Amino acid sequence: METFDELIASETLILIDFYAEWCGPCKAMKPVLEDLKKLKGDSMRIIKIDVDKHQQLAATYRIQSVPTLMLFRKKDMLWRHSGYMPLKELTETADKFI
């Protein structure tokens, strides 16, 4: 399995979803992210990271609310957003970086 640093070093756009199982807005994001994956195919990867299971990583990136979405490419954080985001808005955001 890839480490987080290996994941974000990719030339492919990586969307990280920091989430928690108990989080209502996180549950609402699940179908949005599934639809985004269908739309974008191999042009980006979507990785979900449970903040309760990966507390150190969440602390490193100062995750204070979930969901928190981040876009990375070549280890650079290109964008960050906390809270629910509709598919149209998320797609438009991803398109700026693909």
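Relevant structure appears above.
Thresholds applied
Here, residues in each chain are numbered from 1, in the same order as that chain's written sequence. Reporting of local features is limited, given that this is a predicted model, to residues whose pLDDT is at least 70; pairs of side-chain atoms are given and counted only at 80 or more, and all residues count toward the totals for whole chains, interfaces and linings. Excluding hydrogens and water, the side-chain values take into account all heavy atoms of the structure. Defined by distance alone, a disulfide is two cysteine sulfur atoms within 2.5 Å. In this scheme, a residue with accessible area under 20% of its type's maximum is buried, one over 50% is exposed, and one in between is partly exposed, where area comes from a 1.4 Å probe on protein chains only. Note on pairing: DSSP must find at least two bridges between two strands before they are called paired. Under the scheme used here, helices are H or I runs from DSSP no shorter than 4 residues and strands are E runs no shorter than 2 residues, and both carry numbers assigned from the N terminus. All axes here are fitted lines through C-alpha atoms, helices being fitted over the stretch that makes contact, and every angle between N-to-C directions spans 0 to 180 degrees. In what follows, residue pairs with any heavy atoms lying within 4.5 Å of each other are defined as contacts. Note on angle classes: values under 35 degrees are labelled roughly parallel, values over 145 roughly antiparallel, values of 65 to 115 roughly perpendicular, and the remainder oblique. Rotating anticlockwise by less than a right angle from the far helix to the near helix defines a left-handed crossing, while the corresponding clockwise rotation defines a right-handed one. Side-chain classes are defined by residue name, with Ala, Val, Leu, Ile, Met, Phe, Trp, Tyr, Cys and Pro counting as nonpolar, Asp, Glu, Lys and Arg as charged, and the others, Gly among them, as polar. For this document, the term salt bridge refers to a Lys or Arg side-chain nitrogen within 4 Å of an Asp or Glu carboxyl oxygen.

1. Structural notes on the state of the cysteines
Thought 1: In this structure the tally under the stated criterion is one disulfide.
Thought 2: Between the sulfur of C23 and that of C26 lies a disulfide, 2.5 Å long from S to S. When the S-S torsion is 80°, as for the bridge of C23 with C26, the disulfide is right-handed. Neither residue differs from the other here; C23 and C26 are each classed as buried.

2. What about the sheet that holds strand 2 (residues 44–50)?
Thought 1: Taken in spatial order, the four strands of this open sheet run 2-1-3-4, and their pairing is mixed. Edge positions in the open sheet fall to strand 2 and strand 4 (76–82), since each of these has one partner strand only. Going across the sheet, the axis of each strand differs from the next one's by a mean of 20°, ignoring polarity.
Thought 2: This element, helix 4 (residues 87–95), spans strand 1 (13–19), strand 2, strand 3 (68–73) and strand 4 of the sheet and lies at about 20° to strand 3.

3. Here we look at the packing of helix 2 (residues 24–40) against helix 4
Thought 1: Across the interface, helix 2 lies against helix 4 with an axial gap of 10 Å and an inter-helix angle of 45°. In terms of their interaxial angle, helix 2 and helix 4 are classed as oblique. As helix 2 packs across helix 4, the resulting crossing turns out to be right-handed. Here M29, V32, L33, D35, L36, L39 and K40 of helix 2 lie close against helix 4, whose contacting residues are L87, L90, T91 and D95.
Thought 2: Grouping the constituent residues of the contact of helix 2 with helix 4 by class yields seven nonpolar, one polar and three charged.

4. A few points about the pattern of salt bridges
Thought 1: For the structure shown, the criterion picks out four salt bridges.
Thought 2: A salt bridge links K48 to D17; the shortest N-O distance between them is 2.7 Å. Of the two residues, K48 sits in strand 2 while D17 sits in strand 1, which places them 31 residues apart along the sequence.
Thought 3: Notably, a salt bridge pairs E92 with K88, separated by 2.6 Å at the nearest N-O pair. Taken together, the residues span about one helical turn, with E92 and K88 both in helix 4 at a distance of four residues.

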